[in-house]
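Residue-level listing of the chains:
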Amino acid sequence: MLNERGKIRTAVLVSGGGTNLQAILEARGEVIHHAEITLVVSNRKNAYALERAKAAGIPAIAISLKALGGREAFERELQRVLELHKIELIVLAGFLTILSPAFTRRWDHRILNIHPALIPSFCGKDYYGLHVHEAALARGVKVTGATVHFVNEIPDGGEILLQKAVEVLPGDTPEVLQRRVMEQAEWILLPKAVETVAADMLADPS
Ligand code: GRF
(Lines give C-alpha, C1' and ligand atoms only; values in the text may rest on other atoms or scores of the structure.)
Protein backbone atom coordinates (compact mmCIF):
# COMPACT_ATOMS: atom_id res chain seq x y z
CA MET A 1 0.00 0.00 0.00
CA LEU A 2 1.60 3.27 -1.03
CA ASN A 3 1.09 6.37 1.07
CA GLU A 4 -0.76 9.37 -0.42
CA ARG A 5 2.41 10.63 -2.07
CA GLY A 6 3.17 7.32 -3.85
CA LYS A 7 5.96 6.30 -1.49
CA ILE A 8 6.67 2.91 0.10
CA ARG A 9 5.36 2.81 3.68
CA THR A 10 8.38 1.78 5.73
CA ALA A 11 8.77 0.64 9.34
CA VAL A 12 12.08 0.89 11.23
CA LEU A 13 12.68 -1.67 14.00
CA VAL A 14 15.03 -0.58 16.79
CA SER A 15 16.39 -1.72 20.17
CA GLY A 16 18.85 0.96 21.26
CA GLY A 17 20.08 4.50 20.76
CA GLY A 18 18.67 4.87 17.26
CA THR A 19 21.57 6.61 15.52
CA ASN A 20 20.83 4.58 12.38
CA LEU A 21 17.16 5.59 12.62
CA GLN A 22 18.31 9.21 12.97
CA ALA A 23 20.44 8.88 9.84
CA ILE A 24 17.40 7.61 7.94
CA LEU A 25 15.19 10.44 9.24
CA GLU A 26 17.78 13.04 8.26
CA ALA A 27 18.16 11.50 4.79
CA ARG A 28 14.47 12.05 3.93
CA GLY A 29 14.24 14.42 0.98
CA GLU A 30 18.01 14.25 0.46
CA VAL A 31 18.83 10.58 -0.23
CA ILE A 32 15.44 9.00 0.48
CA HIS A 33 12.69 10.03 -1.96
CA HIS A 34 10.64 6.86 -2.47
CA ALA A 35 10.10 5.68 1.10
CA GLU A 36 8.04 7.23 3.86
CA ILE A 37 8.99 6.26 7.43
CA THR A 38 5.53 5.72 8.88
CA LEU A 39 6.27 3.57 11.95
CA VAL A 40 9.04 2.82 14.47
CA VAL A 41 8.84 -0.32 16.61
CA SER A 42 11.16 -1.24 19.48
CA ASN A 43 11.41 -4.48 21.44
CA ARG A 44 12.59 -2.39 24.40
CA LYS A 45 10.31 0.30 25.82
CA ASN A 46 13.18 2.48 27.06
CA ALA A 47 15.07 2.56 23.75
CA TYR A 48 16.14 6.15 23.05
CA ALA A 49 15.33 5.45 19.40
CA LEU A 50 11.65 5.76 20.37
CA GLU A 51 12.30 9.33 21.58
CA ARG A 52 13.89 10.11 18.22
CA ALA A 53 10.79 8.82 16.44
CA LYS A 54 8.44 10.84 18.66
CA ALA A 55 10.53 13.98 18.10
CA ALA A 56 10.04 13.41 14.36
CA GLY A 57 6.27 12.94 14.80
CA ILE A 58 6.39 9.28 13.77
CA PRO A 59 4.23 6.65 15.55
CA ALA A 60 6.59 4.88 17.99
CA ILE A 61 5.51 1.58 19.54
CA ALA A 62 7.25 -0.73 22.03
CA ILE A 63 6.40 -4.42 21.88
CA SER A 64 7.87 -6.37 24.78
CA LEU A 65 8.95 -9.89 23.89
CA LYS A 66 9.20 -10.67 27.60
CA ALA A 67 5.73 -9.34 28.47
CA LEU A 68 4.18 -11.28 25.59
CA GLY A 69 5.90 -14.47 26.73
CA GLY A 70 8.16 -15.22 23.81
CA ARG A 71 9.10 -14.69 20.18
CA GLU A 72 6.00 -16.26 18.63
CA ALA A 73 3.62 -13.93 20.46
CA PHE A 74 5.98 -11.02 19.82
CA GLU A 75 5.98 -11.68 16.06
CA ARG A 76 2.18 -12.08 16.02
CA GLU A 77 1.80 -8.65 17.62
CA LEU A 78 4.51 -7.18 15.37
CA GLN A 79 2.71 -8.50 12.26
CA ARG A 80 -0.59 -7.07 13.52
CA VAL A 81 0.93 -3.61 14.01
CA LEU A 82 2.73 -3.72 10.64
CA GLU A 83 -0.54 -4.58 8.88
CA LEU A 84 -2.43 -1.91 10.81
CA HIS A 85 0.06 0.65 9.47
CA LYS A 86 0.00 -0.89 5.97
CA ILE A 87 3.77 -1.38 6.03
CA GLU A 88 5.51 -2.72 2.91
CA LEU A 89 9.19 -2.49 3.84
CA ILE A 90 10.94 -3.19 7.16
CA VAL A 91 14.36 -1.79 8.15
CA LEU A 92 16.25 -3.31 11.09
CA ALA A 93 18.34 -0.47 12.56
CA GLY A 94 20.14 -1.72 15.63
CA PHE A 95 17.33 -4.23 16.22
CA LEU A 96 18.62 -7.06 18.39
CA THR A 97 15.88 -9.71 18.24
CA ILE A 98 16.46 -12.56 15.77
CA LEU A 99 13.32 -12.94 13.65
CA SER A 100 11.99 -16.45 12.99
CA PRO A 101 12.36 -18.20 9.61
CA ALA A 102 8.56 -18.07 9.26
CA PHE A 103 8.55 -14.28 9.72
CA THR A 104 11.49 -13.65 7.37
CA ARG A 105 9.93 -15.92 4.71
CA ARG A 106 6.69 -13.95 4.97
CA TRP A 107 8.70 -10.75 4.40
CA ASP A 108 11.08 -12.20 1.82
CA HIS A 109 13.21 -9.43 0.25
CA ARG A 110 11.29 -6.88 2.30
CA ILE A 111 13.50 -6.68 5.42
CA LEU A 112 16.84 -4.83 5.40
CA ASN A 113 19.49 -5.02 8.13
CA ILE A 114 22.63 -3.02 8.84
CA HIS A 115 25.53 -5.08 10.20
CA PRO A 116 28.64 -3.29 11.52
CA ALA A 117 31.20 -5.46 9.69
CA LEU A 118 32.03 -6.60 6.16
CA ILE A 119 29.95 -9.80 5.96
CA PRO A 120 31.04 -12.68 5.91
CA SER A 121 33.51 -11.39 8.50
CA PHE A 122 32.46 -11.08 12.13
CA CYS A 123 28.79 -11.90 11.60
CA GLY A 124 26.16 -14.41 12.63
CA LYS A 125 24.99 -15.46 16.08
CA ASP A 126 26.51 -13.47 18.99
CA TYR A 127 28.12 -10.89 16.65
CA TYR A 128 26.24 -7.68 17.44
CA GLY A 129 27.01 -4.20 18.79
CA LEU A 130 30.44 -3.83 20.39
CA HIS A 131 31.16 -7.58 20.18
CA VAL A 132 31.66 -7.16 16.42
CA HIS A 133 34.36 -4.51 16.88
CA GLU A 134 36.01 -6.40 19.76
CA ALA A 135 36.36 -9.40 17.43
CA ALA A 136 37.74 -7.27 14.57
CA LEU A 137 40.35 -5.71 16.88
CA ALA A 138 41.22 -9.10 18.39
CA ARG A 139 41.80 -10.52 14.88
CA GLY A 140 43.94 -7.52 13.96
CA VAL A 141 42.14 -6.62 10.72
CA LYS A 142 43.32 -3.35 9.12
CA VAL A 143 40.00 -2.76 7.38
CA THR A 144 36.45 -3.33 8.61
CA GLY A 145 33.21 -1.61 7.66
CA ALA A 146 29.46 -2.15 7.40
CA THR A 147 27.05 -4.17 5.32
CA VAL A 148 23.39 -3.76 4.42
CA HIS A 149 21.73 -7.03 3.48
CA PHE A 150 18.29 -8.54 3.02
CA VAL A 151 17.23 -10.58 6.04
CA ASN A 152 16.53 -14.29 5.64
CA GLU A 153 16.42 -17.24 8.04
CA ILE A 154 20.20 -17.24 8.55
CA PRO A 155 21.41 -14.48 10.93
CA ASP A 156 23.32 -12.00 8.71
CA GLY A 157 23.04 -14.58 5.89
CA GLY A 158 20.81 -12.76 3.41
CA GLU A 159 21.74 -11.27 0.02
CA ILE A 160 24.26 -8.43 0.40
CA LEU A 161 23.05 -5.07 -0.96
CA LEU A 162 25.75 -2.52 -0.03
CA GLN A 163 29.10 -2.52 1.78
CA LYS A 164 31.55 0.23 2.74
CA ALA A 165 35.09 -0.22 4.11
CA VAL A 166 36.45 1.68 7.10
CA GLU A 167 40.09 1.81 8.25
CA VAL A 168 41.08 0.37 11.62
CA LEU A 169 43.64 2.72 13.24
CA PRO A 170 46.41 1.95 15.77
CA GLY A 171 45.12 2.33 19.30
CA ASP A 172 41.47 1.92 18.34
CA THR A 173 39.22 0.79 21.16
CA PRO A 174 35.97 -1.04 20.33
CA GLU A 175 34.02 2.12 21.15
CA VAL A 176 36.18 4.38 18.94
CA LEU A 177 36.03 1.88 16.07
CA GLN A 178 32.24 1.46 16.44
CA ARG A 179 31.75 5.20 16.19
CA ARG A 180 33.96 5.46 13.07
CA VAL A 181 32.07 2.57 11.41
CA MET A 182 28.77 4.25 12.22
CA GLU A 183 29.85 7.68 10.95
CA GLN A 184 31.76 6.54 7.87
CA ALA A 185 29.66 3.55 6.83
CA GLU A 186 26.39 2.70 8.59
CA TRP A 187 24.80 6.13 8.50
CA ILE A 188 25.65 6.45 4.80
CA LEU A 189 24.75 2.93 3.63
CA LEU A 190 21.40 2.41 5.33
CA PRO A 191 19.60 5.46 3.87
CA LYS A 192 21.03 4.61 0.42
CA ALA A 193 19.79 1.02 0.69
CA VAL A 194 16.31 2.12 1.83
CA GLU A 195 16.05 4.42 -1.19
CA THR A 196 17.33 1.80 -3.64
CA VAL A 197 14.96 -0.93 -2.45
CA ALA A 198 11.95 1.42 -2.21
CA ALA A 199 12.58 2.78 -5.72
CA ASP A 200 12.93 -0.79 -7.05
CA MET A 201 9.67 -1.78 -5.35
CA LEU A 202 7.88 1.14 -7.01
CA ALA A 203 9.40 0.31 -10.40
CA ASP A 204 8.44 -3.37 -10.13
CA PRO A 205 5.64 -3.86 -7.57
CA SER A 206 5.55 -7.67 -8.10
C1 GRF B 1 25.29 -0.28 16.36
O2 GRF B 1 26.38 -1.08 16.80
C3 GRF B 1 25.00 -0.63 14.93
O4 GRF B 1 26.18 -1.00 14.27
C5 GRF B 1 24.15 -1.83 15.03
O6 GRF B 1 23.33 -1.59 16.19
C7 GRF B 1 24.06 -0.73 17.10
C8 GRF B 1 23.20 0.39 17.60
O9 GRF B 1 22.76 1.15 16.52
N10 GRF B 1 23.40 -1.99 13.81
P11 GRF B 1 21.72 2.38 16.74
O12 GRF B 1 22.53 3.54 17.28
O13 GRF B 1 20.67 1.93 17.72
O14 GRF B 1 21.18 2.65 15.37
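Model, not experiment: these values are computed from the prediction.

### Quick word on the pattern of salt bridges
Then step 1. If you walk through the whole model with that rule in mind, you get eight salt bridges.
Then step 2. Of the charged contacts, one joins Lys125 and Asp126 as a salt bridge, the two residues approaching to 3.4 Å between their closest N and O atoms.
Then step 3. A relative accessible area of 67% means that Lys125 is categorised as exposed.

### Focus: the site of the ligand
Then step 1. Near the ligand you find 13 residues, and of these Gly18, Thr19, Asn20, Gln178 and Glu186 are the closest.
Then step 2. Contact distances for the ligand include 3.4 Å between an oxygen atom and a backbone N or O atom of Gly17.
Then step 3. Here an oxygen atom of the ligand sits 2.6 Å away from a polar atom, N or O, in the side chain of Thr19.
Then step 4. Isolated, the ligand exposes 360 Å² of accessible area, and the fraction of that covered by the protein chains is 89%.
Then step 5. Elements with a minimum of two residues in the shell around the ligand: helix 1 (19-27) and helix 7 (174-203).
Then step 6. Sorting elements by how many residues they give to the shell around the ligand places helix 7 first, with three residues.
Then step 7. When its residues are assigned to classes, the shell around the ligand shows four nonpolar, eight polar and one charged.

### Section: the nonpolar core
Then step 1. Membership of the largest hydrophobic core comes to 35 residues, with the highest contact counts inside it found for Val12, Leu21, Ile24 and Val40.
Then step 2. The set of elements that each furnish at least two residues to this core consists of strand 1 (8-14), helix 1, strand 2 (35-42), helix 2 (48-55), strand 4 (89-92), strand 5 (111-115), strand 6 (143-150) and helix 7.
Then step 3. Setting aside residues up to four positions removed in sequence, Val12 forms contacts with Leu21, Ile24, Ile37, Leu39, Val40, Val41, Val91 and Ala93.

### Topic: helix 1
Side chains of residues three or four places apart in an α-helix project in the same direction, reflecting 3.6 residues per turn.
Then step 1. Where helix 1 is concerned, the buried positions are Asn20, Leu21, Ala23, Ile24, Leu25 and Ala27.
Then step 2. Buried residues in helix 1 make contact with strand 1, strand 2, helix 2, strand 4, strand 5 and helix 7.
Then step 3. Immediately beyond the C-terminal end of helix 1, within one or two residues, lies Gly29, with a positive phi of roughly 85°.

### Some details on the packing of aromatic side chains
Then step 1. For the structure shown, the criterion picks out two aromatic pairs.
Then step 2. A centroid spacing of 6.4 Å and a plane angle of 20° characterise the contact between Phe74 and Phe95, whose relative ring orientation is stacked. Of this pair, Phe74 sits in helix 4 (residues 71-84) while Phe95 is found in the loop between strand 4 and helix 5 (101-106), placing the two residues 21 residues apart along the sequence.
Then step 3. Among the residues examined, Phe74 registers a relative accessible area of 0% and is labelled buried.
Then step 4. According to the relative accessible area criterion, Phe95 is buried, its value standing at 7%.
Then step 5. On the basis of an interplanar angle of 25° and a centroid distance of 6.3 Å, the ring pair of Phe103 and Trp107 is categorised as stacked.
Then step 6. Residue class for Phe103 comes out buried when judged on its relative accessible area of 4%.

### Quick notes on the pairing of strand 2
Then step 1. Of all eight residues that make up strand 2, eight are buried, and the element is covered over most of its length.
Then step 2. The pairing of strand 1 with strand 2 spans seven bridges and is classified as parallel. Within strand 2, the residue paired with Val14 across the bridge is Ser42.
Then step 3. In this region the chain leaves strand 1, passes through helix 1 and returns to the parallel neighbour strand 2; the handedness of that crossover is right-handed.
Then step 4. Here strand 2 pairs with strand 3 (residues 60-62) via three bridges, running parallel. Considered in strand 3, the bridge of Val41 is made with Ile61.
Then step 5. Where the polypeptide runs from strand 2 across helix 2 and back to strand 3, its parallel neighbour, the crossover connection is right-handed.

### Examining the sheet that holds strand 3
Then step 1. Taken together, the seven strands give an open sheet; going across it, the order is 3-2-1-4-5-6-7, and neighbouring strands pair in mixed fashion. Looking along the sheet, the strands with just one partner apiece sit at the ends: strand 3 and strand 7 (160-167). Strand-to-strand, the axes of this sheet are offset by a mean angle of 20°, without reference to chain direction.

### Thoughts on the environment of Val194
Then step 1. In this structure, Val194 sits in helix 7.
Then step 2. Here the alpha-carbon distance between Val194 and Glu77, two residues 117 residues apart in the chain, equals 24 Å.
Then step 3. Apart from residues lying up to four places away in sequence, Val194 is in contact with Ile24, Ile32, Ala35, Leu89, Val91 and Leu112.

Rules used in this analysis
Residues numbered from 1 in each chain as written. Predicted model: local features only at pLDDT ≥ 70, side-chain atom pairs only at ≥ 80, totals over all residues. Heavy atoms only, no water. Salt bridge = Lys/Arg side-chain N within 4 Å of Asp/Glu carboxyl O. Buried < 20%, exposed > 50% of the residue type's maximum accessible area, 1.4 Å probe, protein only. Near = heavy atom within 4 Å. Polar contact = N/O pair within 3.5 Å; in protein donor to acceptor, adjacent residues only side chain to side chain. Areas by Shrake-Rupley, 256 points an atom, 1.4 Å probe, with all protein chains shown as cover. Helix = DSSP H or I, 4+ residues; strand = E, 2+ residues; numbered from the N terminus. Nonpolar A, V, L, I, M, F, W, Y, C, P; charged D, E, K, R; others polar. Core = buried A, V, L, I, M, F, W, Y, C linked by side-chain atoms within 4.5 Å. Contact = heavy atoms within 4.5 Å. Phe/Tyr/Trp six-rings, centres within 6.5 Å; stacked < 30°, edge-to-face > 60°. Pairing = 2+ DSSP bridges. Right-handed = clockwise from strand over helix to strand, strands pointing away. Axes fitted to C-alpha atoms, helices over the stretch in contact; angles between N-to-C directions.

Fair warning: the whole summary comes from geometry, so function is off the table for now.
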